[in-house]
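Structural overview for review
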Amino acid sequence: MRNTPHPHNRLPRRDFLKQASFSALAGTMLAGGAAGSASVQAGEAKKADSTSGYQLGAFTKSFQDMPIPEVCKAFKSIGLDGLDLTVRPKGHILPENAEKELPQACAAAKEAGVKILFLTTMIDEPDKNAERILATAQEQRIDRVKIGYYRYKPLGTLAQQLKETTKKIGKVAKLCQKYEILPCVHVHSNAFLPSHGTQLYQLIQDYSPQEVGAYVDMLHMVKEGSGDGWRQGLDLLAPWISLCAVKNFAWERGEGRDKHGHQKWDVKTVPVADGISPIPEYVDVLRKLGYEGIFSLHSEYKGRHSWKELSTQECLAQTAVDAKYFRSLWS
């Protein structure tokens, strides 16, 4: 594995996010030849950054039955800083409506006293919808987006898939640079690329933190690396970390057994303080790495993956509980 950027995978460096994120600070250290201690140095640099401080928002997926202005007011009422807004198929805003509706959403957020912290999209390649979303986001001063997913396919081809996915991420990153927006790649367990933190490092190590960001996840990274894999993933990704999802899970005995007689198990999303993921330890590691950026409470308490089926208002109430608990860890 290369520790230095491969010339064919590199994109031109841009410095438009230098003052905006921990990633830029760590990236500057890497460029200065301090790769071996970038994580620790980034933490020290962050202490000296007078603009540092985390922001806590919530993912709007569970609140899409509410108009965006109402979501803004509701999030403000429970003390959140802003929205992780879905702009994707079946999202709060459809990609084809972004030019009209995203400025309206930003205006509603401003009026309510919150912000659109970033967009959750399904951008996985340069196309007209990607251009539409990114151009509008730039106009609205939104500086980062979560991009779409890449799937793991047939067994025996993973090495080649990783190479191909790295190139696909590079194409999206090149388009995002045009609009001065950071594309962030989310860690998602199961048959996704990347499914864990070390794999995300493999995918983005040849890009600078100004070109591609890491979207780390307190549920998915622990689900795939419950012993210490999640911590090692964070260690590797430190210079790139630009977003962090806050959520938790538990294993639940499933119905019946498989054809071999083996017990089935299901993963359920549970309140942040109640699950398997060691949230206080995770927060402590992020602190030591110097990350104080954007956090998104996912509040996915609807549907078969939730430990309990909650209504929208119940989701909001649980989000308030989760937010209070999470903020207590940073006091």
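This is a predicted model, so every value here is computed, not measured.

This part is about the nonpolar core. Considering soluble globular proteins, one finds that nonpolar side chains tend to be buried as a cluster. Counting residues in hydrophobic clusters, the biggest one holds 90 residues, and the most contacted among them are Leu85, Leu119, Met218, Leu234, Tyr282 and Phe295. Counting residues per element, this core draws most heavily on helix H4 (residues 98–112), which supplies seven residues. Among residues more than four places away in sequence, those in contact with Phe295 are Tyr54, Gln55, Leu56, Gly57, Met218, Cys244, Val246, Leu286, Phe326 and Trp330.

Before going further, it helps to examine the packing of aromatic side chains. This structure, assessed with the given rule, holds 14 aromatic pairs. Ring centres of Tyr54 and Phe295 lie 5.9 Å apart, and the angle between their planes is 80°; this geometry places the pair in the edge-to-face category. With Tyr54 in the loop between helix H2 (38–47) and strand S1 (55–59) and Phe295 in strand S12 (residues 294–297), this pair connects stretches of sequence that are 241 residues apart. Judged by its relative accessible area of 22%, Tyr54 falls in the partly exposed class. Exposure remark for Phe295: the relative accessible area of 0% places this residue in the buried category. Between Phe118 and Tyr215, the aromatic rings sit 5.7 Å apart at their centres with planes inclined by 90°, giving edge-to-face as the arrangement. Within this pair, whereas Phe118 is found in strand S3 (residues 115–120), its partner Tyr215 is found in strand S8 (residues 213–217), the two being separated by 97 residues in sequence. Among the residues examined, Phe118 registers a relative accessible area of 1% and is labelled buried.

Now for the packing of helix H6 (residues 158–178) against helix H7 (residues 197–204). At their nearest, the axes of H6 and H7 sit 8 Å apart, and the two run at 60° to each other. The angle between the axes of H6 and H7 places the two elements in the oblique class. Here H6 runs over H7; the crossing is right-handed. Counting all contacts with H6, which are made through Leu158, Leu162, Thr165, Thr166 and Ile169, the residues of H7 involved are Gln199, Gln202 and Leu203.

Rules used in this analysis
The residue numbering used here restarts from 1 in each chain and proceeds along that chain's sequence as written. Given that this is a predicted model, residues contribute local features only at a pLDDT of at least 70 and side-chain atom pairs are listed and counted only at 80 or more, while totals for whole chains, interfaces and linings are drawn from all residues. Side-chain calculation: all heavy atoms of the structure are included, whereas hydrogens and water are not. We define the nonpolar core as a collection of buried residues of types Ala, Val, Leu, Ile, Met, Phe, Trp, Tyr and Cys that are connected through side-chain atoms lying within 4.5 Å of one another. Burial classes follow relative accessibility: with a 1.4 Å probe on protein chains only, a residue under 20% of its type's maximum area counts as buried, one over 50% as exposed, and anything between as partly exposed. Helix and strand labels come from DSSP, where a helix needs a run of H or I of at least four residues and a strand needs a run of E of at least two; each type is numbered from the N terminus. Contacts were defined at the residue level, with two residues in contact if any of their heavy atoms lie within 4.5 Å. Two rings from Phe, Tyr or Trp (for Trp, the six-membered ring) form a pair when their centres are within 6.5 Å of each other. A pair whose planes differ by under 30 degrees is stacked, one over 60 is edge-to-face, and the rest are tilted. Orientation is described by axes fitted as lines to C-alpha atoms, over the contacting stretch for helices, and by angles from 0 to 180 degrees between their N-to-C directions. We call two directions roughly parallel when the angle between them is under 35 degrees, roughly antiparallel when it is over 145, roughly perpendicular when it lies between 65 and 115, and oblique otherwise. Take the far helix as your reference; a near helix turned counterclockwise from it by less than a right angle gives a left-handed crossing, and one turned clockwise gives a right-handed crossing.

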